[in-house]
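Descriptive analysis of the structure
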Amino acid sequence: MPEEGVKVAVRVRPFNQREKDRKAHLMIKMSGQMTSISNPENPNEEPKKFSFDYSYWSHDGMVESADGVFEATPGSNYASQRKVFEDLGQGVLDNAFEGYNCSLFAYGQTGSGKSYSMVGYGANRGIVPITCDELFKTMATNTDTNKRFEVTFSMLEIYNEQVRDLLSRENPKGGLQVRQNPKLGLFYVEGLKKVPVGSYVEIEKRMDQGTANRTVASTNMNATSSRAHTVVSITFDQIIKSETGSETKKSSVMNLVDLAGSERADSTGATGDRLKEGANINKSLSALGNVISALADLSTGSKKKIVVPYRDSVLTKLLQNALGGNSKTIMIAALSPADINYDETLSTLRYADRAKKIKNKAVINENPMDKLIRELKEENDRLKKAMESGGMIEGSAGMSPEEIERMKKEMEEEIRAQLMANQAMLSENDSKEDWDAKLRAAQSETDELKGGGSQSTRRSKEPYLINLNEDPMLSGVICHFLDTEKTTVGRKDAQPIPNVCLSGLSIQKLHAIITNKNGKIEISPAPGSASKTKVNGLPLSDKKELSHKDRILFGSNHMYVMMIPKHTDTADNTLPNVIDWDFAQKEIAEIKGFATHSLGLTKDQLIAQEQVLEMLPMVSEVNAVSEELDKRKSFEVVLISAAAQEGVDVSSNNGTRYDEGSSVRVMVKMTNLLNGNTWLWQRGKFLNRRYLIQDLYQRFLDGDDLSKVSKEEDPFWEPPEEVLIGTANAFLQSLSFALDFDDQLIITDYKGQEEGTLDVRVAPCDAKGKPADDESFVEDPSELLNKPFYFKVFVKKAEINKSRFSRGIRVQFSLPFPNKKTELAQTQIIKNTLSPDFDFSKVITINKVHSDHLKFLENGCLTFYVFGMQEDTRPEPNLSKLTTKELRQRNNMKENADTTVRRKTLFGNDIASDQSHLKAEVVLLQRKHDRLVQKERRIQEICKEWEKKQEGEREFEPFYRAVSAAAFSTGTRLKTRVQMLNQMLRLQRAVKMDDSSVSPQLNPPVLPPILRTSAAPGSISRQKTMDPSIVLQGQKFVRSLKTGSDLTNNKPTGGGQQRPTSAGGNTSNGSKACVIQ
Ligand SMILES: Nc1ncnc2c1ncn2[C@@H]1O[C@H](COP(=O)(O)OP(=O)(O)OP(=O)(O)O)[C@@H](O)[C@H]1O
Ligand SMILES: [Mg+2]
């Protein structure tokens, strides 16, 4: 039996609107079978190259034909849907006709184009529909009367390790069972509907039915689209009658799998969640990764004895044959082209690279029908006998009667399932007449399914609501026509039953009423359900007229767009042509105060922005569950700035920094509405909890008694932990001049709100912590280079604003010096006060200062994290009486007051931080100024003394020595000043040599008068003291010296000003000019 490798194709999609808006960079290149990816963070790095069976370039080079199909422009290498079908789909088809099992699965992150390749959108049909269409077209060319075909179609989804039949409205609690056929060893889904189909149109309708069921399930919160794996299976049987009248059956099973977004497999964010073990979110996808790795190892011979872990998940059980058995298998890896998806795309390429190593042994499935039937019947007889004899269980020594009974039950259950499976297989081998009867029954059911052409004519005339979903595949699937004067929206348990029945969170029995009076459409909330509906992002409190393209959100999940074909002119003309999920979510996010513009944002900020848009609807869903289950918890999306992150992570991840380097982090804050305790969850942890919360809610809907859920199992419960009250930043610029810094810092929380103050001091010191003297001041930070440097950080005291933090407060900080492991310093916890006195200090040692240290001192800051202890305190009695909903409303009222603050602090607009930076700079300038003033005073004294002397006593040399000694004295060296002076003197000389070149308008260089000693004493006019002028040049400053009172008049004369004639030369009166080298 020949082995054949899994065929692997990669395909890169065009930029989506978001990527275009933010001017994303393309990081994928393709040439022939090669695909390369370049690292946007490191453009000089050699791009990583991969080779696949096919590398499909679908990024650009296409035009849209009149019927909406994207085709390659002449000369471009664009791979259209047809091209992909011809390479991959045709092969599947050919193999199916030969009797091979085939599998095709699409892998890639959310939004990378898996569904586009598999199913397609609109006129751009994907591999699945084209293959099905071609299947029937090829069947139609058959002229052999001894050959007949039977095609069945099934569609399922796997979410949360549960299998849902997408062709069936009712699915059992917990989903359909996956069982193993002991004879064949293969896994199958018990009771899955396999619908006979007689044409491509029937398949299309069934796919639409499946997609509609997925959409309903996803909006009812039982599942979320991109986390579910969708498996379409088509069995294709060819029954060939021989001349003797015996029949042979050639069968092929085609499994077409659209996998869940691969980034969901990354569960690192959930690290540290005490409930991690319970979650199955990614089980199937990570198990698939493990299976592929194991199979690749087996095929390459790198590891001989490996158990391939098919049994680890539902998906791998069902794909066992496709991956490591009797199947010809193809994988399409969908790639996102944009730079911000580099990590995900690289990981997809590596995944695909591993998959191509897998080898399969496909065989033609061809068997005589009567043999098949006979064997199945014999097997059935055997099973029936086993059942009658009590399941063949004797029980072994040491087993209790209860255990034996339980085993018997399990065995009986197995046998019964086996019998049913055999029966189903027998019925798959029935006669032509039986098949035809089943097909007719299925067809009449298909005919009743909605959809098709009739709807599109109605949509061009009547007003309707059309759904939006996070997954574009599920958008535009559910349509409600508003063709009557009054349309009620609500739950199906309402009396009378509403016209539009919705279920799920926050949907009231009677939720909203939509009226249509002569084309004027108005919506009003049903009594008591105000604010449970949003129109264009705003809560609906009263009757409102609807316009074309208005966005309506019922409850927390049901998003619709109002379409009024006759009123297209009423639509706001600033709206985009097509309203999609992203647009509607952005609108809500903006109203909540989150910025959604993308220009000018860093990669981290863009990722954060996408996560905000992803998480906002999830958070409102979790809030709705909290209300419905009365959990007294409220959730909120928060953005944590770079400064605040470290503290958060240190506290929640035992000192390890997570996702180092990210400047903005999206987190979810959970608040206990009764006692104000809060918790901050990383995205991963929140996704994990949300998933468990969905599960809990589903159990509630299924009628389970949730009071039995212990608090440890409850995803809403969390033991109290310390919480980050806020951060305070001290900028270290002073240290780079070896100056100390003493200040009261403002503690701000993640929203930029003031939470209190922290008194700190940072001062240079010696190795033992003894304060450095004044003389340690350096004029130029580079003077610190290559020497040891010590400084002491004092955390003195704090004043905290919120009384709930009085249980205990501590401060910690660490210095993120480059190339050095972060050293953490922390104060003790001070209890029972809001004015803790920490009296803490720590000496920080830099053994040898190098330029990175300097850079950090000059520009960096020391962040102090102020933590508050929390405990489970008794709630106020009047709060305990309120429901979660009432408590949340009360909280929201408080919250609304500070929305404006939040707006300002989004994405790096860290006002508090800016303020402290400026403040630090001013303090530093002040310190430098004071020192220079001191210095000048000394120099002026020297000058005065010199002036008092008689002309004959005035000796320049001692005077000059005294001045330079003062200027060069340790700690207050005026090197830069002196260098500047030298430069000016040189300039002056040049000017003197050619006075005519000086334009009268030219501002003369301001020479420090003290050094203009050329004029005769008599000519010196008195001048008032000038204020020091401080000029900021970027981060540095240049200060012109304060002028002395008894010094030279500085007025320009003629075209220039009084100045030394030449270096070392004499002025007109013969005095020496001062030149300092
Ligand atoms: N080759 C392509 N050409 C044009 N548009 C594409 C292509 N591939 C994907 N798209 C567009 O990108 C968007 C996302 O694609 P798609 O829905 O296929 O992603 P997905 O991988 O299935 O995501 P999910 O994991 O959420 O299901 C869709 O709007 C789709 O139309
Ligand atoms: Mg998809």
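Observations regarding the pairing of strand E22 (residues 464-468)
Among the 5 residues of E22, 5 are classified as buried, and the element is accordingly described as predominantly covered. Alternating residues of E22 divide into Tyr-464, Ile-466 and Leu-468 and Leu-465 and Asn-467, and every residue in both groups is buried. Judged from the 3 bridges that link them, E22 and strand E23 (residues 479-481) form a sheet pairing that is antiparallel. Bridging from a neighbouring strand, Leu-465 pairs with His-480 of E23. Of the pairings in the sheet, the one linking E22 to strand E32 (residues 558-563) comprises 5 bridges and is antiparallel in character. Across the sheet, Tyr-464 pairs through a bridge with Met-563, a residue of E32.

A closer look at the sheet that holds strand E30 (residues 544-545)
Taken in spatial order, the 5 strands of this open sheet run E25-E24-E26-E27-E30, and their pairing is mixed. Unpaired on one side and paired on the other, strand E25 (500-501) and E30 mark the two borders of the sheet. Of the pairings in the sheet, the one linking strand E26 (residues 510-517) to strand E27 (residues 520-525) comprises 6 bridges and is antiparallel in character. Bridging across to E27, Asn-516 finds its partner in Ile-521.

Quick notes on the sheet that holds E22
Pairing is antiparallel in the open sheet, where 6 strands are placed in the order E23-E22-E32-E31-E28-E29. Among the strands making up the open sheet, the edge pair consists of E23 and strand E29 (538-539).

Focus on the packing of aromatic side chains
According to the stated counting rule, one finds 16 aromatic pairs in the structure shown. Between the aromatic rings of Tyr-107 and Tyr-351, the centroid separation amounts to 3.7 Å while the plane-to-plane angle is 10°, which identifies the pairing as stacked. Of this pair, Tyr-107 sits in strand E9 (residues 102-107) while Tyr-351 sits in helix H9 (residues 342-355), placing them 244 residues apart in sequence. Side by side, Tyr-107 and Tyr-351 carry an identical accessibility label, which is buried. Measuring from ring centre to ring centre gives 6.3 Å for Phe-813 and Phe-840, while their planes differ by 80°; the resulting arrangement is edge-to-face. Within this pair, whereas Phe-813 is found in strand E40 (residues 809-815), its partner Phe-840 is found in strand E42 (residues 837-846), the two being separated by 27 residues in sequence. According to the relative accessible area criterion, Phe-813 is buried, its value standing at 2%. Taken together, the ring pairs connect Phe-97, Phe-149 and Phe-236 into an aromatic cluster.

Here we look at the pattern of salt bridges
As enumerated under the stated definition, the model contains 48 salt bridges in all. Of the charged contacts in the structure, one is a salt bridge between Asp-133 and Arg-125, with a shortest N-O distance of 3.2 Å. By relative accessible area, which is 12% here, Asp-133 ends up buried. Residue Arg-125 is classed as partly exposed on the basis of its relative accessible area of 24%.

Section: the nonpolar core
In this structure, Leu-288 and Met-331 are the most contacted members of the largest nonpolar core, which totals 48 residues. Ignoring any residue separated from it by four or fewer positions in sequence, one finds Met-331 in contact with Val-6, Lys-7, Val-8, Ala-9, Phe-105, Tyr-107, Tyr-351, Ala-352 and Ala-355. Membership of the second largest hydrophobic core comes to 40 residues, among which are Leu-104, Met-207, Ile-330 and Ala-442.

Here's the deal with the environment of Trp-57
Note on placement: Trp-57 falls in strand E6 (residues 54-57). Each C-alpha atom of the pair Trp-57 and Ser-80 lies 8.7 Å from the other, and the pair is 23 residues apart in sequence. For Trp-57, the side chain forms a polar contact with the side chain of Asp-60, separated by 2.7 Å.

Quick notes on the site of ligand 1
Gly-111, Lys-114, Ser-115, Tyr-116 and Tyr-121 are the nearest of the 17 residues found near ligand 1. Within the backbone of Gly-111, a nitrogen or oxygen atom sits 2.7 Å from an oxygen atom of ligand 1. At a separation of 2.7 Å, an oxygen atom of ligand 1 approaches a polar side-chain atom of Ser-115. With 3 residues, the single largest contributor to the shell around ligand 1 is helix H3 (residues 114-118). Split into classes, the residues belonging to the shell around ligand 1 amount to 4 nonpolar, 9 polar and 4 charged.

Rules of the game
- Residues numbered from 1 in each chain as written.
- Chains lettered and ligands numbered in written order.
- Predicted model: local features only at pLDDT ≥ 70, side-chain atom pairs only at ≥ 80, totals over all residues.
- Heavy atoms only, no water.
- Buried < 20%, exposed > 50% of the residue type's maximum accessible area, 1.4 Å probe, protein only.
- Helix = DSSP H or I, 4+ residues; strand = E, 2+ residues; numbered from the N terminus.
- Pairing = 2+ DSSP bridges.
- Phe/Tyr/Trp six-rings, centres within 6.5 Å; stacked < 30°, edge-to-face > 60°.
- Salt bridge = Lys/Arg side-chain N within 4 Å of Asp/Glu carboxyl O.
- Core = buried A, V, L, I, M, F, W, Y, C linked by side-chain atoms within 4.5 Å.
- Contact = heavy atoms within 4.5 Å.
- Polar contact = N/O pair within 3.5 Å; in protein donor to acceptor, adjacent residues only side chain to side chain.
- Near = heavy atom within 4 Å.
- Nonpolar A, V, L, I, M, F, W, Y, C, P; charged D, E, K, R; others polar.

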